[in-house]
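# Examining the three-dimensional arrangement
The chain contents come next:
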Amino acid sequence: MQKITIVLMLSMSSAAWSYNETDLLRLKATNQCSYCDLSGADLSKDAGFDLKHAVLDSANLSGANLVGTNLYDAFLFRANFTGANLSQANLGDVSAAESNFNGAKLNDAIFDNANLKESKFEGATLHSTSFKKALLERASLKGALLLNTDFLYASLQNANLANTDFTSSNLRNTKKVVGANGAEVCKTIMLWGELNDDC
């Protein structure tokens, strides 16, 4: 009975992150997969994936492995990256407005010049991530861990920064940081270029 229970639990767990094989083949063949189910798929650099200029709008990439993947200039409008691992991925110049990165791992990822308007990064982990000149207007970074992250010249207008940890990050020349109730800014370079080291 115990063995059956364990098997059922394992199968249910894998089903939660089960991608569609046809969708994966389509992505490999065309570099386009709008509305596809790629949840839990290994799309990492080590798996041979280069998704530069890929079209993945409204695709489900929750729980996917995208470590080190090149997604430069990809179209990711309303894509779902919940719980995905995008550490060391290049997302420079992506169009990812209204996308969901909640709970994702984004350590050392690059989002320079990205359009991330109204996207969600709630509870995400972003150590040493770069958002230079990124558009994060009306985005939600509530409860995100943004240690040593670079927001130089980024736009955070009307973004939700409640309980966000910006420790050792660079907010210099960012545009209109508001809604930062409970945000941690220890050792952070503030908008006006001064280091907040009174902590």
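Residues numbered from 1 in each chain as written. Predicted model: local features only at pLDDT ≥ 70, side-chain atom pairs only at ≥ 80, totals over all residues. Heavy atoms only, no water.

## A short note on the overall build of the protein
- Looking only at helices and strands, the protein has two helices and two strands in total.
- Along the protein, helices (α) and strands (β) appear in the sequence α-α-β-β when read from the amino end.
- Here the protein holds 199 residues, and the buried ones make up 40% of them.
- Taking the contacts inside the protein whose residues are at least 6 apart along the sequence as the reference set, 4% of them involve residues at least 24 apart.
- Counting only carbon and sulfur atoms, one obtains 49% of the accessible surface of the protein, whose full area is about 9,900 Å². (Helix = DSSP H or I, 4+ residues; strand = E, 2+ residues; numbered from the N terminus. Buried < 20%, exposed > 50% of the residue type's maximum accessible area, 1.4 Å probe, protein only. Contact = heavy atoms within 4.5 Å. Areas by Shrake-Rupley, 256 points an atom, 1.4 Å probe, with all protein chains shown as cover.)

## Here we look at the pattern of salt bridges
- Counted by the stated rule, this structure contains four salt bridges.
- Put simply, Arg 78 and Glu 98 hold a salt bridge, and the shortest N to O gap is 2.7 Å. Note that Arg 78 is positioned in the loop between α2 (21–30) and β1 (188–189) and Glu 98 in the loop between α2 and β1, a separation of 20 residues in sequence.
- Across the pair Arg 138 and Glu 118 runs a salt bridge, and its minimum N-O distance is 3.3 Å. Taken together, the residues span a long stretch of sequence, with Arg 138 in the loop between α2 and β1 and Glu 118 in the loop between α2 and β1 at a distance of 20 residues.
- Overall, the relative accessible area of 38% leaves Glu 118 in the partly exposed class. (Salt bridge = Lys/Arg side-chain N within 4 Å of Asp/Glu carboxyl O.)

## Digging into the environment of Asn 158
- Residue placement: Asn 158 occurs in the loop between α2 and β1.
- Asn 158 sits in the partly exposed class, given a relative accessible area of 49%.
- Measuring from C-alpha to C-alpha, the distance between Asn 158 and Glu 118 comes to 9.6 Å, with 40 residues separating the pair along the chain.

## As for the state of the cysteines
- One pass over the structure, following the stated rule, counts one disulfide.
- The disulfide bridge from Cys 33 ends at Cys 36, spanning 1.8 Å between sulfur atoms. For the disulfide bridge between Cys 33 and Cys 36, the dihedral angle about the S-S bond is near -85 degrees, and by the sign convention the bridge is left-handed. The residues Cys 33 and Cys 36 share a single accessibility class, namely buried. (Disulfide = S-S within 2.5 Å.)

## A few points about the environment of Leu 56
- Considering the arrangement of structural elements, one finds Leu 56 in the loop between α2 and β1.
- With 20 residues separating them along the chain, Leu 56 and Leu 76 place their C-alpha atoms 5.1 Å apart.
- Once residues within four sequence positions are removed from consideration, Leu 56 is found in contact with Leu 27, Cys 33, Leu 38, Leu 51, Leu 71, Phe 75, Leu 76 and Ala 79.

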